[in-house]
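What the coordinates show
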Amino acid sequence: MPVTARSLLASMAQIVDLGIAMTDTATPRTRSGRSARVAARTGPQHGPRVPYITRGIPTYDILGEEGLAKIEAAADRILAETGIEFRDDAETLDLFRRAGAKIDGVTVRFEPGMLREILKTAPAEFTQHARNPANNVRIGGKNVVFAPAYGSPFVMDLDRGRRFGTIEDFENFIKLAQSFPWFHHSGGTICEPTDVPVNKRHMDMIYAHARYSDRAFLGSVTAPSRVEDSIEMVRILFGRDFVDQNCCIMGNFNVNSPLVWDGAVTRGMRAYARAGQGCVLVPFILGGAMGPVTNAGGIALSLAETMAGCALTQLERPGAPVVFGNFLSSMSLRSGSPTFGTPEPAIGSMVIGQLARRLNLPLRCSGNFTTSKLPDAQAMTEGTMSMLAAVHCGANYVLHSAGFLDGLLSMSYEKFVMDADLCGALHTYLKGVQVDDDQLAHDAFAEVGPGGHFFGCQHTMKHYETAFWDSEIADNEPHEKWELAGSVDAATRANRLWKKKLEDYQAPHLDSSLDLELRDYIARRKSEMPDMWY
């Protein structure tokens, strides 16, 4: 069939008419034309929302056996010769002493192979339960879980600029994460609610996750007592016996690189492990500051630190879920400023993934990182590089998937929405390429023939709503239509979308008795301590 302008336009009209008809049967006739079709296609047209991704593409393994063995030997040398300090936690020192480590004050040294032997009790995969069982996440193996960014003291948006985060902002970001199908986990300290006392805000944050999301979430890590509060609150939410046998909360802990585990951290880690809950253990290594400027040296350092931390959880409770974490980053050697989303940590993440798989541990690595101060081209360039590193290195739990701006000092509403869109695209990317008779389109070739066009053929009609991923914020219109619509840029479109998402948000059901019990626990605990603002 030869291609003509008339036949192509006729086929386009046929598809448009079909789209209108399908929309009219699926939604009330309150909208018409393109807006109705876009509304009908938003989210669900890509298939049912998944609780997590099962990757359909292989990991990118860049080092051979010789290179990996050299890095592992370097880590063993650090552990045996330099050692790691475990400060202000006598019980941790005693656990390592009984396991056979050499203790000199607070410095612990490990013979090669010792930590790997201890780590054999750690699960290669585990489930973190959500209060809605349909949202349980499987961490490890070929599974990928996206969670929002974590830890920013500031928030920003195009309307009010940069400011300290509040509990209202915290709740807003939980609601936004719940509103997008592209996240699988509610995250943790999405931003610091600085209007709540430091020693009490952890309970408000746990409550917000439990109330405004029905997905899995992270607990507090800033003090052992706050870890215990986090565990007690999930015992209320899930039941004490269930929590004892299942992972219902995790804590994300950082090493004080280089080679220091602080007592407040290790006591918190052991509390989660003792309760059978998960730990995500993460060296944060700025090359040239907390680690060497060379990639291989930084990777060896992080391997040593993470193995020691993961082993501690197994000494506390063998079989406790633990995630091998990593956060490689670089810095400007001219100014000393941290840099994020750069190529060296991105490619280094591939090696981290290989090392974690050799230990048979779930992996947290990379995320959507940037030092840009605005949701602009720099932010998306750096963020895309580091997110691609996350999916190619084989990360199972990807914290910082959305909102990260300003070197993690700021959580951006607009960047959150733009990153959610990228997470949606990565769902399709991680599926890989399906090959079967339908995908090979034999019938389409027979129908169209040489010189024809595929726009109106039956194969296209069958797949046109789901063939390609459809962005919620990208503008794909001709330049003239974009100008007539006000020449709106991506950040402004994202600004409009986050407001619409919050306007449309509906909280998932939470049993009123559980809600009351959680609030009573918070009120009692807050009454037992004075406010502290530091």
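Residues numbered from 1 in each chain as written. Predicted model: local features only at pLDDT ≥ 70, side-chain atom pairs only at ≥ 80, totals over all residues. Heavy atoms only, no water.

**Quick notes on the overall build of the chain**
Just so we agree on the cut-off: In this description a helix means any DSSP run of H or I spanning at least four residues, a strand means any run of E spanning at least two, and both kinds are numbered starting from the N terminus. In this treatment the radius of gyration is a C-alpha quantity, and the globule benchmark scales as 2.2 Å times the residue count to the 0.38 power. A 1.4 Å probe rolled over the protein chains alone gives each residue an accessible area, and that area as a share of the maximum for its type sets the label: buried under 20%, exposed over 50%, partly exposed in between. Two residues form a contact once any of their heavy atoms are found within 4.5 Å. The sign given to each residue is positive for Lys and Arg and negative for Asp and Glu; His and the chain ends receive no count. Here the site of a charge means atom NZ of a Lys, CZ of an Arg, CG of an Asp or CD of a Glu.
If you tally the helices and strands in the chain, you get 20 helices and 18 strands. Here the chain has a C-alpha radius of gyration of 25 Å; the compact-globule value for 534 residues is 24 Å, and the two agree. On the principal axes, the C-alpha backbone points of the chain span a range of 85 × 60 × 50 Å. Per-residue burial for the chain yields a buried fraction of 53% across its 534 residues. For the chain, long-range pairs separated by at least 24 residues make up 76% of all intrachain contacts whose partners lie at least 6 apart in sequence. Charged side chains in the chain number 53 positive and 62 negative. The centres of these two groups are separated by 1 Å.

**Some thoughts on the pairing of strand β13 (residues 322–331)**
Heads up, the condition is: Note on pairing: two strands pair once DSSP finds at least 2 bridges between them. We call a crossover right-handed when, viewed with the strands running away from us, the connection from the first strand over the helix to the second turns clockwise.
Most of β13 is tucked away, with 10 of its 10 residues classed as buried. Where burial is concerned, the two faces of β13 agree: the one with Val322, Phe324, Asn326, Leu328 and Ser330 and the one with Val323, Gly325, Phe327, Ser329 and Met331 are both buried. Pairing geometry for strand β12 (residues 278–286) and β13, over six bridges, is parallel. Considered in β13, the bridge of Val280 is made with Val323. Between the parallel pair β12 and β13, the chain is carried across by helix α11 (residues 295–316), and the sense of this crossover is right-handed. As judged from the three bridges shared by β13 and strand β15 (residues 363–365), these two strands associate in the parallel manner. Among the inter-strand pairings, Gly325 is bridged to a residue of β15, identified as Arg364. Here β13 runs beside strand β14 (residues 338–339); their pairing, made up of two bridges, is antiparallel. Within β14, the position partnered with Met331 by the bridge is Pro338.

**Describing the layout of surface pockets**
Worth spelling out the cut-off: Using protein atoms alone on a 1 Å grid, points that fit a 1.4 Å probe yet trap it form a cavity, whereas open point sets bounded by protein on both sides within 12 Å along at least five of seven lines form a pocket; residues with an atom within 4 Å of a point count as lining. Grid points are joined across faces, edges and corners, and a volume is the space filled by probe spheres set on the points. Gly falls in the polar group here, along with every residue not listed as nonpolar (Ala, Val, Leu, Ile, Met, Phe, Trp, Tyr, Cys, Pro) or charged (Asp, Glu, Lys, Arg).
In this structure, the second largest pocket encloses a volume near 670 Å³. Surrounding the second largest pocket, 27 residues form its lining, Tyr150, Gly151, Asn252, Asn254 and Leu408 being those nearest its centre. Secondary-structure elements contributing two or more residues to the lining of the second largest pocket are α7 (201–212) and β10 (250–255). For the lining of the second largest pocket, the element with the most residues is β10, which contributes four residues. Classifying every residue of the lining of the second largest pocket by side-chain character gives 12 nonpolar, 11 polar and four charged.

**Quick word on the sheet that holds strand β4 (residues 107–109)**
Pairing is mixed in the open sheet, where four strands are placed in the order β3-β4-β2-β11. The two strands at the open ends of the sheet, each matched to only one other strand, are β3 (102–104) and β11 (260–261). With two bridges joining them, strand β2 (residues 84–86) and β4 adopt antiparallel strand pairing. For Ile84, the partnering residue across the bridge sits in β4 and is Val108.

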